[in-house]
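A look at the structure
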Amino acid sequence: MRPARSNWFKEECMKKLITTVALVAALLLGSATAASQVTVAVGQLPGHFDPQNNNASTVSGIIINIFEYMVMKDEQGQFIPALATSWESVDPLTWRFTLREGVKWHDGVPFTAADVKFTFERVAKDATLVRHAYYKHIESVEIINDHEVLFHTSTPDPIFLSNLSRNGASVLPRHHWEAMGADVAAQKPIGTGPYVFSELRTDDRLILTANDDYWGGRPAYDTAVFRRITEGSTAVSELLTGGVDLVASVSRAEITRFDGAAAAKVVPVIGNRINHLTFNTREGQITADQRIRAAVDYAVDDELLLEVLQDGAGAPVQARVSPGTFGSPLEYYDSYLYDVEVAKNLLAEAGYGPSKPAAITLMGSNGYADTADLVGAMLEEAGFVVEIKLFEPSVWSAKYSSTGDFTNVAFGAASDSSFDYGNSLIDNTCPNGVYYVQTGWCNEGYDALVNQANTEFDSEKRVALLRDATEILVAERPQYYMYASATFVGVSNAMEFRPRADSLIILATARPAAH
């Protein structure tokens, strides 16, 4: 039986669903009087500032304050203008966009169609960029004038607008990247967003300053600081004592500390974050054997993980699905496999037993310490011999982003800001999906179904194709999906800020609380 969610959780979620404020209105309000500094506690800082080569949702949530998309989504999931003010589908292979006038890069150079052309032709043509798979169908960007472009695609693309409003779609300044080169430009970012890059102190903090010339109005705070705080209890203590104004992710175990607190509150966010294990399936790894991957799945009690780590706030899953994500085959939601005897039998079939133990290594950032201990204990009960290796986030990010540079199993989590299941499945395509670097998994049938689904405009046919692709993914398990977790954000009562389902921390919408 599923554990009951608390009335508090239900009530807070209902408040969030009922009370909504459109992002565009908040962006345009601005503030004539700045209010010093806003500080955000995050578990990870950017190692670089190349949005097209980033696969970390935490980093995407930060750099949205520097770079901007062509199109945004409001809290109801509706497309709203950002750097583009209007758009239309001219024909199945052509999109027309009118660009916002009067926008300047942080160095004062005007934003034009040349920047849009540079940005999207770069990510469409460079297969080494981790976000290439989402934009590879863009054949060219035609400049009509400084504020009008035509996108030409090789195939019909029903999720084109979604892909222009998600991680990877940040528009880059052509003049800066061409003059500095990608490596330097990615360390000295220039954007059009509400905040300007000032300083990055590795594994400590990122400091941004207000953009006085921001097209949406000067933000309310002079300075925005993102502090890396990996201990959840420390982050909450800082919030309750005024050391930070916002905690991007509060663990369920820390929520009771907000009971009766005058300084801050915790806000639940309904998103599509899925916690998972990623398997290195390359030759020489124990996890290259599909039976071992299945044994891990059967050995782990997802319901227990959810209860211990999230106090039941969420749901076990067998795939990267959620009710709010279009096209999700929901038979895999609130469903899981757990049978220790099946796990033991699978190990035996694979040739492992008392005389030949199945040694497996679990790796990840030190933020997964509790998860690793629980999963490790369950695997040992099924007959695995477990080694756990955890790293500082910056070290782990570099290791995880290198081809197969981890042993056996990696802890992770994923969300999809487009809320389109077809986009989620792109991540496991070969060789351009963002997880191919980690898994080494390829399946031509899977790739064909995903590609067909993402060019199909008929919704029923598209959903059926996505379901068929999911069957392959679940059967072969390059990743094992554990549970969908509720996200909890800690917010100081001294500020007004509404957390978003897509995890973007848009500080242009933050301002001091009215008294």
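As a further point, take the sheet that holds strand β10 (residues 223-228). Strand order in the open sheet made by the 7 strands is β8-β9-β10-β1-β11-β19-β12, with mixed pairing throughout. On the outer flanks of this sheet lie β8 (195-201) and β12 (264-269), each paired with one strand and no other. Looking at chain direction, β12 and strand β19 (residues 487-492) are connected through 6 bridges and run antiparallel. Following the sheet pairing, valine 267 is matched in β19 by valine 489.

Moving on to the nonpolar core. Met70, Phe97, Leu99, Val116, Phe120 and Phe151 are the most contacted members of the largest nonpolar core, which has 59 residues in total. Among residues more than four places away in sequence, those in contact with leucine 99 are Met70, Leu83, Ala84, Thr85, Phe111, Thr112, Ala113, Val116, Asp146, His147, Glu148 and Val149. Counting residues in each nonpolar core, the second largest holds 34 residues, with Phe67, Leu206, Tyr221 and Val491 among its members.

For the rest of this paragraph, the subject is the pairing of strand β13 (residues 274-279). Side chains on a regular strand alternate between the two faces of the sheet. The buried count for β13 comes to 6 of 6 residues, which makes it a mostly enclosed element. On β13, burial covers both faces: Ile274, His276 and Thr278 on one face and Asn275, Leu277 and Phe279 on the other are all buried. Pairing between β13 and strand β17 (residues 409-414): 6 bridges, direction antiparallel. Note on β17: the bridge partner recorded for leucine 277 is phenylalanine 411. As paired strands, β13 and strand β18 (residues 479-485) are joined by 5 bridges and run antiparallel to one another. Across the sheet, residue leucine 277 finds its bridge partner in β18, namely tyrosine 480.

In this section: the packing of aromatic side chains. Here the structure, examined in full by the defined rule, presents 18 aromatic pairs. A centroid spacing of 5.3 Å and a plane angle of 25° characterise the contact between tryptophan 396 and tyrosine 400, whose relative ring orientation is stacked. Here tryptophan 396 and its partner tyrosine 400 are both found in helix α14 (residues 393-400), 4 residues apart, which amounts to about one turn of the helix. The same class applies to tryptophan 396 and to tyrosine 400, which are both buried. Linked through ring pairs, Trp87, Trp95, Phe97, Phe120, Tyr134, Tyr135, Phe151 and Phe160 together constitute an aromatic cluster. In this structure, arginine 100 is placed above the aromatic ring of tryptophan 215, and the distance from its NZ or CZ to the ring centre is 3.9 Å. Above the plane of the ring of tyrosine 352 lies lysine 356, whose end atom (NZ or CZ) is 4.9 Å from the centre.

Turning our attention to helix α11 (residues 302-310). All of the buried residues in α11 are Asp302, Glu303, Leu305, Leu306, Leu309 and Gln310. Across the axial projection of α11, the buried residues extend over an arc of 160°, all falling on one side. Residues of α11 that are buried make contact with β14 (314-316), α13 (369-381), β18 and β19. By the N-cap criterion, in which a side-chain oxygen at the helix start approaches the backbone nitrogen of a residue two or three places on, α11 is capped by aspartate 301, the distance to glutamate 303 being 3.1 Å. Residue aspartate 311 follows α11 closely and has a positive phi angle near 55°.

Rules used in this analysis
Residues numbered from 1 in each chain as written. Predicted model: local features only at pLDDT ≥ 70, side-chain atom pairs only at ≥ 80, totals over all residues. Heavy atoms only, no water. Pairing = 2+ DSSP bridges. Helix = DSSP H or I, 4+ residues; strand = E, 2+ residues; numbered from the N terminus. Core = buried A, V, L, I, M, F, W, Y, C linked by side-chain atoms within 4.5 Å. Buried < 20%, exposed > 50% of the residue type's maximum accessible area, 1.4 Å probe, protein only. Contact = heavy atoms within 4.5 Å. Phe/Tyr/Trp six-rings, centres within 6.5 Å; stacked < 30°, edge-to-face > 60°. Lys NZ or Arg CZ within 6 Å of the ring centre and 35° of its normal. Arc of directions from axis to C-beta. Polar contact = N/O pair within 3.5 Å; in protein donor to acceptor, adjacent residues only side chain to side chain.

Function cannot be read off these values alone, since they describe shape.
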